[in-house]
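Residues per chain, in single letters:
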Amino acid sequence: QQLLVRTKRGVTPTEAGKVLYRHAQLILRQCEQARVDMEAASQGLTGAVSVGLAPGTAAAGLSLPLLRTTRLRHPGVLLYLNETYGTTLSELIMNGRMDLAVLYGGRTAVHGLAFLPLLKEPLFVVGPGSLPAPPEQVPLRMLAELDLYLARPYNVVRRMVDEAFAGIGLTPRLVGEIESAGTLTAVIAEGLGATILPESMAREVTSSCNAWRCQIVEPVIEAPLALCQSDHLPLSEPAQAIKTILLELVAELPGSLLAPRAS
């Protein structure tokens, strides 16, 4: 097939050329990892491993334990942590530019990705101290009149909130879309409205400002945290070792779906 076409500015790759380029990148990456793995066979594990930890999730609390345990067990492994949003992390995994990611997702199959369920976090409404706090558990229908600040529609938690409201025939009163945890905390502290968050982030916000949190019921909404990796690219030996550590750490978290590590 034709890989390049001539343009006024030179040559441009065709769609076939772009596909070939992506495969070439993956092949070069695998060749480099093969070289590293062969060297590691006689020297202990060495090489770079990239791990994504989605912010605003229970994954955020794994960063220090993961770094600490990796340094203790595998000092030759260079660990790169990427703490950005789940959609970007899954795209990096799909493109072969990241080894593993812990993020919300896995409810539906995605071509090119494999998900291992880790735990489920219930969603909480978080509001400022200037508003009366609901009971410890609040039916979703009672939140329809609240001014809410939520993530963008592509966010997994936002989609779950929209679906839950639609399921009871209501629409949330959305007054703003915010991705930054810092900005969201500031909004709550200023009394500008409320938000809906997974338990881990809800706890973080309420501990840093004058705010309350209540679990949402009727229906209960749970965000699934999953370990994401490529469904066709094998993990390198160092990446497999880091995956083992990640699973051990998650097994110790409240609500984990994994069997706890044997003592």
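Structure: above.
Before going into details, it helps to say that this report is about the structure given with it. Computed from a prediction, not measured in an experiment: that's the story for all the values here.

1. Here we look at helix H7 (residues 237-251)
The terminal C-alpha atoms of H7 lie 21 Å apart, and with 15 residues this matches the ideal 21 Å at 1.5 Å per residue to within 8%. With 11 of its 15 residues buried, H7 lies for the most part within the structure. Burial in H7 covers these residues: Pro-238, Ala-239, Ala-241, Ile-242, Lys-243, Ile-245, Leu-246, Glu-248, Leu-249, Val-250 and Ala-251. If you check the start of H7, you find a side-chain oxygen 3.2 Å away from the backbone N of Ala-239, and it comes from Ser-236.

2. Points about helix H4 (residues 156-167)
Taking 1.5 Å per residue as the helical rise, H4 with its 12 residues ought to reach 16 Å, and the 16 Å between its terminal C-alpha atoms agrees with that figure. Three or more residues of H4 are buried, namely Val-156, Val-157, Arg-158, Met-160, Val-161, Ala-164 and Phe-165. As for H4, its buried residues are in contact with strand S5 (100-104), strand S6 (113-128), strand S8 (147-150), strand S9 (173-177), strand S10 (195-198) and strand S12 (222-230). N-capping of H4 is provided by Asn-155, with a side-chain oxygen placed 2.9 Å from the backbone N of Val-157. Two residues or fewer after H4 comes Gly-169, characterised by a positive phi angle close to 75°.

3. A closer look at the environment of Pro-172
Tracing the chain through its elements places Pro-172 in the loop between H4 and S9. Each residue touching Pro-172, except ones within four places of it in the same chain, is listed here: Leu-148, Asp-162 and Phe-165.

4. A closer look at the layout of surface pockets
Quantified by volume, the largest pocket comes out at close to 640 Å³. Lining the largest pocket are 35 residues, and of these Tyr-104, Tyr-154, Asn-155, Val-156 and Val-157 lie nearest its centre. Those elements that place two or more of their residues in the lining of the largest pocket are helix H3 (86-94), S5, S6, S8, H4, helix H5 (181-189) and S10. Grouping the amino acids of the lining of the largest pocket by side-chain chemistry returns 21 nonpolar, 10 polar and four charged.

5. Some points on the nonpolar core
By size, the foremost hydrophobic cluster in this structure holds 49 residues, and its most contacted members are Val-51, Leu-66, Val-125, Leu-143 and Ile-196. With eight residues, H7 is the single largest residue contributor to this core. Leave out the neighbours within four places in its chain, and Ile-196 touches Leu-123, Phe-124, Val-125, Leu-143, Leu-148, Tyr-149, Leu-150, Val-157, Val-161, Phe-165 and Ile-216. Ranked by size, the runner-up nonpolar core spans 13 residues in total, among them Tyr-149, Ile-188, Met-201 and Ala-211.

Parameters and conventions
- Residues numbered from 1 in each chain as written.
- Predicted model: local features only at pLDDT ≥ 70, side-chain atom pairs only at ≥ 80, totals over all residues.
- Heavy atoms only, no water.
- Helix = DSSP H or I, 4+ residues; strand = E, 2+ residues; numbered from the N terminus.
- Expected span 1.5 Å × (residues − 1).
- Buried < 20%, exposed > 50% of the residue type's maximum accessible area, 1.4 Å probe, protein only.
- Polar contact = N/O pair within 3.5 Å; in protein donor to acceptor, adjacent residues only side chain to side chain.
- Contact = heavy atoms within 4.5 Å.
- 1 Å grid on protein atoms, 1.4 Å probe; cavity = no way out; pocket = protein on both sides within 12 Å on 5 of 7 lines; lining within 4 Å.
- Points joined across faces, edges and corners; volume = space filled by probe spheres on them.
- Nonpolar A, V, L, I, M, F, W, Y, C, P; charged D, E, K, R; others polar.
- Core = buried A, V, L, I, M, F, W, Y, C linked by side-chain atoms within 4.5 Å.

Nothing here speaks to function; it is geometry throughout.
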